[in-house]
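If you want the building blocks of each chain, they are given just below.
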Number of protein chains: 2
Amino acid sequence: MATTLFGFWRSLATFRVRIALNLKGIAFDEVAIDLLKGEQLSESYRTVNPQMVVPALVVGDSPALTQSLAIIDYLDETHPQPPLLPVAPRDRAYVRMLAQIVACDAHPLIVPRVRNYLTDEFKLDEPARLKWIRHWSSKALEAIETQLAARASAGKFCQGNAPTLADICLVSHVEGARLFKFDITAYPIAVGIVDECLKIDAFALAHPLRQPGAPPNPAH
Amino acid sequence: MATTLFGFWRSLATFRVRIALNLKGIAFDEVAIDLLKGEQLSESYRTVNPQMVVPALVVGDSPALTQSLAIIDYLDETHPQPPLLPVAPRDRAYVRMLAQIVACDAHPLIVPRVRNYLTDEFKLDEPARLKWIRHWSSKALEAIETQLAARASAGKFCQGNAPTLADICLVSHVEGARLFKFDITAYPIAVGIVDECLKIDAFALAHPLRQPGAPPNPAH
């Protein structure tokens, strides 16, 4: 069944779905929707995702799946191996909590539509916008680092020795911070897990800077 | 096993967890953390939730569960009846997508810590803050209304004839809009579902205006 991901090289939510597809071994085509050019607002994309945001995943002839966490849960339920959530309810809640610190508390504050609102409505300049992005990016990393330190998982990843939804979200978040050249030295546990993840092809090949359209000079 | 919800009457994420606990028939105590007084930043609350946000759910002697969607998934996995997600993966993805439009795209933009940042860092006044809140509240309602109209579920709720996670999130969102006295007449399908939900005690008794500390004059 043909699988098409509508995304953008720099979109961190698309990055998450790309990692999940790779981990599951699902072949897919990616269609670039250039958020910087406003292509997500085109009539043709509206027919794919009426919310006019990326990512959207079209599997076969069915309507697009949207919202990165919902898409990843769908992939995990329809392609159970390798699992992206642990088995025990408390461990699952821990993984989901870490994922949601990224996907609910931090990322929604820094997406293009919000940055555009800060510019267009509040007339904020680039330094103010960057301060805003850095603030929410750091708050999430602080929260995650605290949780990881308290839990002291014996494994290489956020929960145990195999990557889960938490690692997918953490990688997207830390690599986003690196794209903005933020100082992330205060979060050694989180960064160590991310660097471990990036040794895995499923993560490395999904990286924003390795997608068509990305700038040639790497941020790190 | 003692179950304690740390929340706040006006917190829409706490409202969601309260509904889920009620739907599952789980008895719980609620401890009020007054976000307007900054009680979430106290040292005593930090020991409950190092991220210093509500809600947090403590079950027995275990560490607090945090993030409303992660908590609700945990409750659904440990107390399967009545289910808060449908069975088919596509239906589950649809329910999660609607829930995440609320919990990821809209709500994080209007929580107290963000409103405080707009005031303290950007020196925005109350009309600007309200415009910001109305904007993101409306964007989410537009997206949900479009999805509900396209899907045309035959049931009374977002998906079928029993409330799911989507209804829990939608109720929190629409009731939040009503607390702000926003005009929601453009979203008749969504509002109809919310009013159907509020006929159910599990939803109605969880309402912000029915919690201790809420102002006596109802917003609608």
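Worth saying up front: this structure is predicted, and the values here are computed from it rather than measured.

Describing the overall build of chain A
Of regular secondary structure, chain A possesses 9 helices and 4 strands. Compactness check: chain A gives a C-alpha radius of gyration of 17 Å against a globular reference of 17 Å for 220 residues, within 12% of the reference. Viewed in the frame of its principal axes, chain A has a C-alpha envelope of about 50 × 45 × 30 Å. Within chain A, buried positions represent 46% of all 220 residues. Long-range pairs, those at least 24 residues apart, make up 67% of the contacts in chain A with a sequence separation of at least 6.

Points about the relation of the copies chain B and chain A
Its rotation angle being 180°, the transformation that places chain B on chain A also includes 0.0 Å of axial translation and leaves an RMSD of 0.0 Å. Expressed as a symmetry operation, the mapping of one chain copy onto the other fits a two-fold axis. Minimal C-alpha distance to the rotation axis in chain B is attained by Cys 104 of chain B, lying at 2.2 Å. A shared binding surface is used by both copies, with 97% of the interface residues of chain B retained as interface residues in chain A.

Some points on the packing of helix α1 (residues 12-24) of chain B against helix α3 (residues 68-78) of chain B
Residues and elements named next belong to chain B. Running from N to C, α1 and α3 cross one another at 5°; their axes reach a closest spacing of 9 Å. Regarding the angle of α1 to α3, the classification is roughly parallel. Within the contact between the two elements, α1 uses Ala 13, Arg 16, Val 17, Ala 20, Leu 21 and Lys 24 and α3 uses Ser 68, Ile 71, Ile 72 and Leu 75. Counted by class, the contact of α1 with α3 contains 7 nonpolar, 1 polar and 2 charged residues.

Re the sheet that holds strand β1 (residues 3-7) of chain B
Residues and elements named next belong to chain B. As summarised here, the arrangement of the 4 strands in space is β2-β1-β3-β4, forming an open sheet in which the pairing is mixed. Whereas interior strands pair on both sides, the edge strands pair on one side only; in this sheet they are β2 (29-32) and β4 (65-66). As defined by bridge partners, strand β3 (residues 56-59) adjoins β4 across 2 bridges and the pair is classed as antiparallel. Bridging from a neighbouring strand, Ala 56 pairs with Thr 66 of β4. This element, α1, spans β1 and β3 of the sheet and lies at about 155° to β1.

With respect to the interface of chain B and chain A
At the interface, 34 residues of chain B touch 33 residues of chain A. Those elements that provide at least two residues to the side of chain B that touches chain A are β4, α3, α4 (89-106), α5 (112-120) and α6 (126-151) of chain B. Ranked by residues supplied to the side of chain B that touches chain A, first place goes to α4 of chain B with 11 residues.

Regarding the domain arrangement of chain A
All names here are of chain A. Once the domains are mapped, chain A shows domain 1 (3-82) and domain 2 (89-209). Inter-centroid distance (C-alpha atoms) of domain 1 to domain 2 is 19 Å. If you look at the interface, domain 1 gives 16 residues, while domain 2 gives 17 residues. For the side of domain 1 that touches domain 2, the secondary structure elements donating two or more residues are α1 (12-24) and α3 (68-78). If one sorts the elements of the side of domain 1 that touches domain 2 by residue count, α1 sits on top with 9 residues. The class makeup of the residues in the side of domain 1 that touches domain 2 is 11 nonpolar, 2 polar and 3 charged.

A look at the pairing of strand β3 (residues 56-59) of chain A
Taken residue by residue, a regular strand's side chains alternate between the two faces of the sheet. Sheet topology places strand β1 (residues 3-7) of chain A next to β3 of chain A; 4 bridges connect them, and they run antiparallel. Bridged to Phe 6 of chain A within β3 of chain A is Ala 56 of chain A.

Considerations on the pairing of β2 of chain B
Residue and element names in this part refer to chain B. Examined bridge by bridge, β1 and β2 share 4 bridges and lie parallel to one another. Among the inter-strand pairings, Gly 7 is bridged to a residue of β2, identified as Ala 32. Handedness of the β1-α1-β2 crossover: right-handed.

Thoughts on the nonpolar core
Leu 98 and Leu 170 of chain A together with Leu 98 and Leu 170 of chain B are the most contacted members of the largest nonpolar core, which has 142 residues in total. Filtering out sequence-adjacent residues up to four positions away, Leu 98 of chain A remains in contact with Ile 144, Gln 147, Cys 158, Ala 166, Cys 169 and Leu 170 of chain A.

Details of the environment of Phe 122 of chain A
By secondary structure assignment, the location of Phe 122 of chain A is in the loop between α5 (112-120) and α6 (126-151). Sequence-wise, Phe 122 of chain A and Pro 216 of chain A are 94 residues apart; in three dimensions their C-alpha atoms are separated by 33 Å. Once residues within four sequence positions are removed from consideration, Phe 122 of chain A is found in contact with Phe 122, Leu 124 and Ala 128 of chain B.

Cut-offs and rules
Residues numbered from 1 in each chain as written. Chains lettered and ligands numbered in written order. Predicted model: local features only at pLDDT ≥ 70, side-chain atom pairs only at ≥ 80, totals over all residues. Helix = DSSP H or I, 4+ residues; strand = E, 2+ residues; numbered from the N terminus. Rg over C-alpha atoms; globule rule 2.2 N^0.38 Å. Buried ≥ 20, exposed ≤ 12 C-beta atoms within 10 Å, placed from the backbone. Contact = placed C-beta atoms within 7 Å. Least-squares fit on C-alpha atoms with pLDDT ≥ 70 in both. Axes fitted to C-alpha atoms, helices over the stretch in contact; angles between N-to-C directions. Parallel < 35°, antiparallel > 145°, perpendicular 65-115°, else oblique. Nonpolar A, V, L, I, M, F, W, Y, C, P; charged D, E, K, R; others polar. Pairing = 2+ DSSP bridges. Domains from an automatic or database assignment. Right-handed = clockwise from strand over helix to strand, strands pointing away. Core = buried A, V, L, I, M, F, W, Y, C linked by C-beta atoms within 7 Å.

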